[in-house]
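Each chain, written out:
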Amino acid sequence: MGSPSSVTVGSGCEWLETTVLRPCKLRDTRGAIPGRLDLTRARDVRRSRMSGMYTALVVAHSLLRWVVLGLAVVALVRAVSGWSGGRPWTGGDEQVNRFFVIAFDLQVLIGLILYVGLSPMTQAAFQDFGAAMGNSVLRFWAVEHIFGMLAAVALVHIGRVRARRAVEPAARHRTTAIFFGLALLITLLTIPWPFMPAARPLFPSF
Ligand code: HEM
């Protein structure tokens, strides 16, 4: 990154872009005192940046779901057909499984960023966790979605490691089919489909 660019917050008050909570360097024409923090403005800037990031990540998270599900189905079909048909383990199986794991991990990473810092749903739940457990929508976002997805990603990784360790192609296909199949089932059950209380659209609207 080059030198930090500056952004003007309000008239005559310059802030460094890298940290909006730096003291105001210039005298604000409306009376800000140099060296004092203008927290209200700083918070406004921070909030609007955070909400831009939130929107971008939710859209990415929503779309990436289809990539994850698509790769899961392809990997599962290959594993089941390889297992039942006695097909050898191929480079194609390896590649599809690798892309599936990468896509799933990326989806989990985005989800965790949303969960910890950006989602208004989880922030609302964290304010009173006990009360949130009595609300089906907040409970879904605070507990069900994250634990379902963490269980699913754990199954995906265990399945991948075990399949690699298996010597026989049939054992590789069988292990992949069982672990990826369970992971797909849990994922499907904990996605916020439009018919659920925590309903979300199938595709984000721009
Ligand atoms: C540990 C893993 C995950 C965590 C912590 C997580 C967390 C979240 C959070 C916080 C939201 C946004 C709630 C809001 O503010 O509106 C969200 C939305 C969503 N998540 Fe996840 N997620 C995870 C994994 C996944 C996976 C693996 C999938 C699907 C393959 C998925 C599918 C979705 C969908 C479809 C939405 C709704 C997006 C929209 O608003 O259109 N999530 N997730």
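Up top you'll find the structure we're talking about.
A short tour of the structure in this document, coming up. Since the structure is predicted, the reported quantities are computational estimates derived from the model, not experimental observations.

Here the focus is the overall build of the protein chain. The secondary structure content of the protein chain amounts to 6 helices and 2 strands. When the 206 residues of the protein chain are sorted by exposure, 23% land in the buried category. In the protein chain, the proportion of contacts linking residues at least 24 apart, taken out of those at least 6 apart, comes to 54%.

All right, on to the site of the ligand then. Every one of the 26 residues lining the ligand counts as a neighbour, but Ser62, Gly111, Leu114, Ser119 and Met149 are closest to it. Contributing elements (two or more residues each) for the shell around the ligand: helix H1 (39-85), helix H2 (91-118), helix H3 (120-127) and helix H5 (136-165). Here the element with the most residues in the shell around the ligand is H2; it accounts for 6 residues. A per-class count over the shell around the ligand returns 16 nonpolar, 8 polar and 2 charged.

This part takes up the environment of alanine 170. Following the sequence through the fold, alanine 170 ends up in helix H6 (residues 169-190). With 87 residues separating them in the primary sequence, alanine 170 and tryptophan 83 have C-alpha atoms 5.1 Å apart. For alanine 170, the contacting residues outside a window of four places in its chain are Trp83 and Gly86.

The subject of this paragraph is H6. Over its 22 residues, H6 runs 31 Å from end to end, which matches the ideal 32 Å to within 8%, given 1.5 Å per residue. When H6 is considered as a whole, its buried residues turn out to be Arg172, His173, Thr175, Thr176, Ala177, Phe179, Phe180, Ala183, Leu184 and Thr187.

The subject of this paragraph is the environment of valine 96. Summarising the element assignment, valine 96 is placed in helix H2. In this view, valine 96 contacts Leu71, Val74, Ala75 and Arg78; residues no more than four positions away in its chain are not counted.

The rules behind each value
Residues numbered from 1 in each chain as written. Predicted model: local features only at pLDDT ≥ 70, side-chain atom pairs only at ≥ 80, totals over all residues. Helix = DSSP H or I, 4+ residues; strand = E, 2+ residues; numbered from the N terminus. Buried ≥ 20, exposed ≤ 12 C-beta atoms within 10 Å, placed from the backbone. Contact = placed C-beta atoms within 7 Å. Near = placed C-beta within 6 Å. Nonpolar A, V, L, I, M, F, W, Y, C, P; charged D, E, K, R; others polar. Expected span 1.5 Å × (residues − 1).

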